[in-house]
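For reference, the chains in residue letters:
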Amino acid sequence: MSVYASPDQLLGDPKQVKAILVDALRAGYLSVFLGAGLSMSTTPECDDDVKVDPVFPSWGELVKLVCSDSGVPFDSTIKTNDYLLQASEEAETAVEGAGQSFASVVEKALYTRCKSYSTEFLKIDLLIALGSLVMTSTRGKASAVVNYNYDDLLEWYLMLHGFTVSVVSSLPDLIPRADVVVYHPHGFLPLSTRLAAKKTGTVVLSKRSYQRVLKELDPWNEFQRFCLGCNISLFIGMSGDDPHVEWLYSSVHDDVSGGRILGVIVLMDTPLNRGRAASAKNRGIIHYYIKSHNDLPKFILELCQAAAEA
């Protein structure tokens, strides 16, 4: 199945969507975009009657924690993207007005429940699958890894297994040779001291910071558009309604005049996500649905296995 096939046909045929991703992996033009679902997936499963706090906070909880540390009111009953962006901006304004670093406040909130990385308390199924996808192999590897998370969880996992990792957290920058290069366009706040030199002084979290990066000549926008335009992109751990990412692939889809799909986003099979499928398709992005978050590692490993057997 070609990337130039009818998006309507692809939307209703998950097997062909997987076939396109497998072909892209083997050909060397599969890029991977990672969202908060990656970090959130590390919380171990427990019995139904046992409540376990996530190792990493969700976007909403991160904003709540940042607001709490900043003395800014936060309404947990409002869960819209716009409210979270606005609440983050109010916290950012309060922190900077007090002469403090907003990135430092975000870093503290990010690692509230994670003081060190360890396979003993982290669920690493998705990390295992991603490790297989991004590492060099004769069956192909992901050509680029764009990580919207601030943490260094993926880097830690890869380095744990003896691979060299280069982190790009600002542009322009020199990129040393490495097994894997991970790009952090929204900021980088590593827990590992080995990567401390790559820590950024700013993060993209507030409405104001999102608006700043919507500048046409922002180097990160140009890099991400390059990845989207020259690859088939696989979006993992993302909600599908990030306004910045939507703006990026919409602009690229306009440039290719709708001649092919730009990528595939893996989502939970819910009525809400089904309802967004047509809008995403019109921007060159095809939905692939899974029934459970636990199905995601299997899906990724199946791509790697199919590419090896082709």
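This report concerns the structure included in the present document.

## Notes on the overall build of the protein chain
- Secondary structure summary: the protein chain contains 14 helices and seven strands in total.
- Taking 310 residues into account, the globule formula puts the C-alpha radius of gyration at 19 Å, and the protein chain, at 19 Å, falls close to it.
- The C-alpha extent of the protein chain, read off along each of the three principal axes, is 55 × 50 × 40 Å.
- When the 310 residues of the protein chain are sorted by exposure, 49% land in the buried category.
- The contacts of the protein chain with a sequence gap of at least 6 include a subset with a gap of at least 24, amounting to 69%.
- Of the accessible surface of the protein chain, which amounts to about 14,400 Å², a share of 53% is contributed by carbon and sulfur atoms.
- Taking the average place of the 28 positive charges on the side chains of the protein chain and the average place of its 36 negative ones, the gap between the two points comes to 2 Å.

## Structural notes on the sheet that holds strand S2 (residues 144-147)
- Taken in spatial order, the seven strands of this open sheet run S3-S4-S2-S1-S5-S6-S7, and their pairing is parallel. Here the strands that pair on one side only, and so sit at the sheet edges, are strand S3 (165-168) and strand S7 (285-290). Sheet twist, expressed as the mean angle between neighbouring strand axes with direction ignored, is 25°.
- In this sheet, S2 lies alongside strand S1 (residues 30-34) in parallel orientation, the contact comprising four bridges. Its bridge partner lying in S2, Phe33 is registered against Val146.
- Helix H14 (residues 295-309) contacts strand S5 (232-236), strand S6 (263-268) and S7 of the sheet and is inclined by roughly 155° relative to S5.

## Topic: the pairing of S3
- Residue alternation in S3 divides its side chains into two sets, Val165 and Val167 and Ser166 and Val168, and both sets are buried.
- Two strands pair when backbone bridges link them, and S3 and strand S4 (residues 180-183) are joined in this way by four bridges, in the parallel orientation. Across the sheet, residue Val168 finds its bridge partner in S4, namely Tyr183.

## Overview of the nonpolar core
- If you look at the biggest cluster of nonpolar residues, it comprises 73 residues, and the most contacted ones within it are Val106, Leu130, Leu133, Leu154, Leu234, Phe299 and Ile300.
- Grouped together as the second largest cluster of nonpolar side chains are 23 residues, Phe223, Leu228, Leu262 and Ile265 included.

Cut-offs and rules
- Residue numbers restart at each chain and count upward from 1, following the sequence in its written direction.
- Given that this is a predicted model, residues contribute local features only at a pLDDT of at least 70 and side-chain atom pairs are listed and counted only at 80 or more, while totals for whole chains, interfaces and linings are drawn from all residues.
- For side-chain calculations, the full set of non-hydrogen atoms in the structure is used, while hydrogens and water are omitted.
- Secondary structure counts use DSSP, requiring at least four H or I residues in a row for a helix and at least two E residues in a row for a strand, with both numbered from the N terminus.
- Computation of the radius of gyration draws on C-alpha atoms alone. For the globule rule, the value is 2.2 Å times the number of residues to the power 0.38.
- With a 1.4 Å probe rolled over the protein chains alone, any residue whose accessible area is under 20% of its type maximum counts as buried; one over 50% counts as exposed, and the rest are partly exposed.
- Contacts between residues were defined by any pair of non-hydrogen atoms, one from each residue, lying within 4.5 Å.
- Accessibility throughout is a Shrake-Rupley quantity obtained with a 1.4 Å probe, and a residue counts as covered only by protein chains that appear here.
- The sign given to each residue is positive for Lys and Arg and negative for Asp and Glu; His and the chain ends receive no count.
- The atom standing in for a charge is NZ when the residue is Lys, CZ when it is Arg, CG when it is Asp and CD when it is Glu.
- At least two DSSP bridges between two strands are needed for those strands to be called paired.
- Only C-alpha atoms enter the line fits that serve as axes; for helices the fit covers just the stretch in contact. Angles between N-to-C directions range over 0 to 180 degrees.
- Residues belong to a common nonpolar core when they are buried Ala, Val, Leu, Ile, Met, Phe, Trp, Tyr or Cys residues joined through side-chain atoms within 4.5 Å.

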